Amino acid sequence: MLSENSGCCRSEEIAAYLDGELDATAVALFELHLKVCRNCSQELHEQRRLLCALDYAFGEDGSALALPQNFAQVVATHAESDMSGVRLRAE
């Protein structure tokens with residue numbers, strides 16, 4: 001699990017904590033870690049703020065943010081075409 005050294009801290013564990021994916025022992029250890037690790041405490045706070053912002057943006061029923069019907073296709077097309085520095089031109 002996490003130690004007091006911030007180099008050992010991982011945001012995946014913070015996300016798992018927020019998502020309720022940790023077992024009781026892991027939750028207890030993580031909450032103890034939060035008391036001594038300012039980095040994790042701040043990261044937890046930031047992730048909670050992000051989740052609140054997303055909840056607000058999408059609304060409870062998801063209708064607050066209307067996306068175009070072809071939104072996924074547009075995003076995929078942009079992602080595939082803007083691979084500069086990631087792919088070789090031959091690919």
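Source: prediction; values computed, not measured. (Residues numbered from 1 in each chain as written. Predicted model: local features only at pLDDT ≥ 70, side-chain atom pairs only at ≥ 80, totals over all residues. Heavy atoms only, no water.)

Draft legend 1. Up close: the pattern of salt bridges. Evaluated as defined, the whole model comprises one salt bridge. Ionic pairing is found between Glu 46 and Arg 49, a salt bridge with its closest N-O pair at 3.6 Å. You can see Glu 46 and its partner Arg 49 sitting in helix H3 (residues 38-58), three residues apart, about one turn around the helix. (Salt bridge = Lys/Arg side-chain N within 4 Å of Asp/Glu carboxyl O. Helix = DSSP H or I, 4+ residues; strand = E, 2+ residues; numbered from the N terminus.)

Draft legend 2. Up close: the environment of Leu 34. As for its placement among the helices and strands, Leu 34 is situated in helix H2 (residues 24-36). For the pair Leu 34 and Ile 14, spaced 20 residues apart in sequence, the C-alpha separation works out to 10.0 Å. When neighbours within four sequence positions are excluded, Leu 34 is seen to be in contact with Cys 40, Ser 41 and Leu 44. (Contact = heavy atoms within 4.5 Å.)

Draft legend 3. How the structure looks around a nonpolar patch on the surface. Together, Leu 50, Leu 51, Leu 54 and Phe 58 give the surface a local cluster of nonpolar side chains, amounting to about 330 Å² of exposed area. Mapping Phe 58 onto the fold places it in helix H3. (Patch = residues over 30% accessible without salt bridge, like charges linked within 9 Å, V, L, I, M, F, W, Y side chains within 5 Å. Areas by Shrake-Rupley, 256 points an atom, 1.4 Å probe, with all protein chains shown as cover.)

Draft legend 4. Just the packing of helix H1 (residues 11-18) against H3, in detail. Contact geometry of H1 with H3 gives a least axis separation of 10 Å together with a crossing angle of 55°. Between H1 and H3, the angle is such that the two are oblique. Viewed along their axes, H1 and H3 form a crossing whose handedness is right-handed. Mapping the contact onto sequence places Ser 11, Ile 14, Ala 15, Tyr 17 and Leu 18 in H1 and Cys 40, Glu 43, Leu 44, Gln 47, Arg 48 and Leu 51 in H3. (Axes fitted to C-alpha atoms, helices over the stretch in contact; angles between N-to-C directions. Parallel < 35°, antiparallel > 145°, perpendicular 65-115°, else oblique. Left-handed = near helix turned anticlockwise from the far one by under 90°.)

Draft legend 5. The arrangement of H1 in detail. Listing the buried residues of H1 in full gives Glu 13, Ile 14, Ala 16 and Tyr 17. Taken end-on, H1 shows its buried residues confined to a sector of 160°, consistent with a single buried face. In this structure, the buried side of H1 is in contact with H2 and H3. Backbone geometry just after H1 places Gly 20 at a positive phi near 75°. (Buried < 20%, exposed > 50% of the residue type's maximum accessible area, 1.4 Å probe, protein only. Arc of directions from axis to C-beta.)

Draft legend 6. View of the environment of Arg 10. When you line up the elements, Arg 10 lands in the segment before H1. Looking at Arg 10, the relative accessible area reads 48%, which means it is partly exposed. Separated by 30 residues in sequence, Arg 10 and Cys 40 have C-alpha atoms that sit 8.3 Å apart.

Draft legend 7. Fine view of the confidence of the model for the protein. When pLDDT is averaged along the protein, the result is 78; 71% of the residues meet or exceed 70. Predicted confidence for residues 1-6 stays below pLDDT 50, and this span has 17 contacts to residues more than four positions away or in other chains. (pLDDT = per-residue confidence, 0-100.)

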